[in-house]
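The chain contents come next:
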Amino acid sequence: HSLHRSVRRSSDCPIPRSAMKLAAVCCFAASVQASTEMESANPIRRVVSLLQSMQAKIEEEGEKQDKLFAKFQCYCESNTAKLADSITDAKAKIDSLATDIESSTQDRTQTVADLADAKESRESANKAIEDATRQRNKENAAFESTSSDLKTNIAALDKAIPAIENNMEAFMQTGTSALLQAVKSARDVSEYDRTTVQSFLQAKGQSTEGYTPQSGEIVGILKQMQDTMKADLKEATTKEAEALSDFNELVASQNKAIQAATDSIEEKTEQSGQLAVQIVQLKNEKSDVEEQLEADTGYSEQLGKDCQQQTKDYAEVKQTRADELLAIADTIKILNDDDVLDLFKKALPSPSLLQMQTSQRLLAREALKIVRAAGKHPSLDLIALALQGKKMNFDKVIKMIDAMEDTLKKEQVDDDSKKAYCAKEFDETEDRFKELAHEKERLDQAHGNLDATIKDTKEKIAALEQGIKDLDKAVAEATENRKEEHDDYVSSTAQDQAAVQILEFAKNRLAKFYQPKQYNEAPKRVLSDEEKMYSAYGGDIGTTPAPGGLAGTGVSVGFVQIKQHTVDAPPEAPKVGGYETQKGGGVMGMIDRMVNDLKTEMNQHKLEEEDAQEDYEKMMKDSAEKRAADSKAVSENESALAEAQSDLSTNHDNRKANAKNNAETHSYNQDLHQACDFLMDNYDTRKSARTEELEALDKAKSVLSGADVAFVQTQRKGGKFMA
């Protein structure tokens, strides 16, 4: 701004305009003619003419100033209205953005709170499942213990009651420890009944002489115990089933809650990131609008002050101009009065007095010609007026010429200084333009790079998120395929094992006939303790049941459907005669080979299953690592996106500042050219003209100092003087 003011002050200085030689000749001729006419005319008329010329010039300048001020007023009114609208819109925009920022901040705060609640809900659900599982295990262990005891006691009672009823003497010879334990743990039995049964059992094995049968009473008490235990077992089983059902429902409900919380966590995490980016963008936009509002408000206040001051100043100018015009009009009116004209005619000097002043006037006239030929300058006009006065004083005029010479020399020094200053400012302005251009190019390039980075980052985030979805889908499909493959392996292995068992059973059956030494007897039935006790008391445990399964081999295979064959008609009966056995070694060898083939196939399937399971586990581990890495990459790219958007906002501000600096530099450059172009273009001409003016002034001083007396004498002899 100080630089602008210095340029404007330099441009406001009066600039003398030198005349060319041809113009100087014309001015000299005109001055000679004007001098002759003015000498012959009435002096009052000359004054009136000068005043009328001044009056016309003032009125002309007033009209120009009125037009310029009207334009300035229009500028003030239109720009004040525009700035007021802009300020109103900016304030409304700031309020709207503040509301949006507050709303987005509240939304993000609520989202963060919801995210924390969702995480807490998921942890609570997991803890609820863990607590319920521990409680379920405790309840199940208690049930298993109670159920086992009740079943053992009921089994003991089931064997003891029939034995007591059917064969008292045989029962008295068996062990009673299990029955005593059952009686001891029986519930809802009076102490008398419990003691009676215990006494009865403890007396068993002692001498039976004098024994009074109490079997009916004992059996009744035992049956009562049996009914109570069965009822307790049924009740415990029912409660266990209900507890298990409640546990499964609780786990299912909590798993749903965990899935819902997980979905909410993912959703709220994404929403929180989007809201964070939105808040940054809104704050940047609000900051831009606030800066614009501050600039508009400051400019509006300054514009109001400037317009008000200019209006006040111009009112004073108009009043001063009106006062000047009034003074000139009054003066013209006074000087044009007939009585005044008669008075001045009487007051004119006589011819004799004029002849006495002829030599001085000739010198003044010659000096006036030289001064007028030197050019046009306000100081030259003053010297010319002094030379035309009736009471001219050459000493005073010479002092005026000396002052004029000092002024011209000072103006030349100012021109030299201003030329150097302008050249320096032109160079610096050009350098500034280059710097701004380079800075704009760099900012534009950075803007393009940031745009590309933001676009690329968004594409990366989208690709990563899509990759996570595709990976989850692939993991789900791989899990489903692995499950199906494992089910196929289990089914195939079961079939192969069943086939091996059937072949070995068939081979053993052939060995019983063809190779008895290699025949393996079927394992005998192993009786449980309850069965042994029951059998000891005379109970019938039945014979060993015939083997079931496929073809009575005792071999069964789960999930394998065996096609039922219809029974064909019996074959023709063999002829009666001697029987010749066949050679069974070949068949048994074939069976051995088939068994070996099946075992080899089973081993191969097992290896394939292990490889497939290992590959699946590796794939799940790699997928988990990749998902974690992709999720981390999404978070990092979102952070990079927010940073790039922030950098883009800063770049936008820098570009605006660059454009503003460029505009200010252009404005300053225009002011600089306006102030300097005329001087730079006309420096040599001005310097030459000023030199000529100085030479002319020196010559005029010489004339006024009496250096050219011969010229005056010649004029006195050859010329005539007019009154």
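Use the structure listed above.
Just so it is clear, the model here is predicted, and its values are computed rather than measured.

Parameters and conventions
Residues numbered from 1 in each chain as written. Predicted model: local features only at pLDDT ≥ 70, side-chain atom pairs only at ≥ 80, totals over all residues. Heavy atoms only, no water. Helix = DSSP H or I, 4+ residues; strand = E, 2+ residues; numbered from the N terminus. Buried < 20%, exposed > 50% of the residue type's maximum accessible area, 1.4 Å probe, protein only. Contact = heavy atoms within 4.5 Å. Salt bridge = Lys/Arg side-chain N within 4 Å of Asp/Glu carboxyl O.

Asks: Sorry, what's going on with the side chain of N658 here?
Replies: Note that N658 resides in helix 14 (residues 585–704). Owing to a relative accessible area of 5%, N658 belongs among the buried residues under this scheme. Contacts of N658, omitting those with residues within four sequence positions, involve L436, E439, K440 and L443.

Asks: Could you clarify how one ought to interpret the environment of A84 in this entry?
Replies: Inspection of the secondary structure assignment puts A84 in helix 3 (residues 43–166). Once the C-alpha coordinates of A84 and D296 are considered, the two residues, 212 residues apart in sequence, prove to be 8.5 Å apart.

Asks: Before we go on, may I ask you to explain the environment of L222 in this structure?
Replies: With respect to the helices and strands, L222 occurs in helix 7 (residues 215–335). L222 sits in the buried class, given a relative accessible area of 1%. Apart from the residues lying within four places of it in its own chain, the contact partners of L222 are L157, I161, I164, L179, V183 and V197.

Asks: Hey, could you run me through the pattern of salt bridges in this one?
Replies: Side chains bearing opposite charge may pair, as long as their charged atoms lie close to each other. Under the defined criterion, the tally for this structure stands at 24 salt bridges. Across the salt bridge formed by E139 and R136, the nearest N and O atoms sit 3.4 Å from each other. Taken together, the positions of E139 and R136, both in helix 3 and three residues apart, correspond to about one turn of that helix. With relative accessibility at 32%, the residue E139 sits in the partly exposed group. We note a salt bridge from R655 to D444, for which the minimum N-O separation is 3.2 Å. Highlighted residues: R655 in helix 14 and D444 in helix 12 (residues 394–514), separated in sequence by 211 residues. Judged by its relative accessible area of 31%, R655 falls in the partly exposed class. What you see here is one network of salt bridges that share partners, running through K127, D131 and R134.

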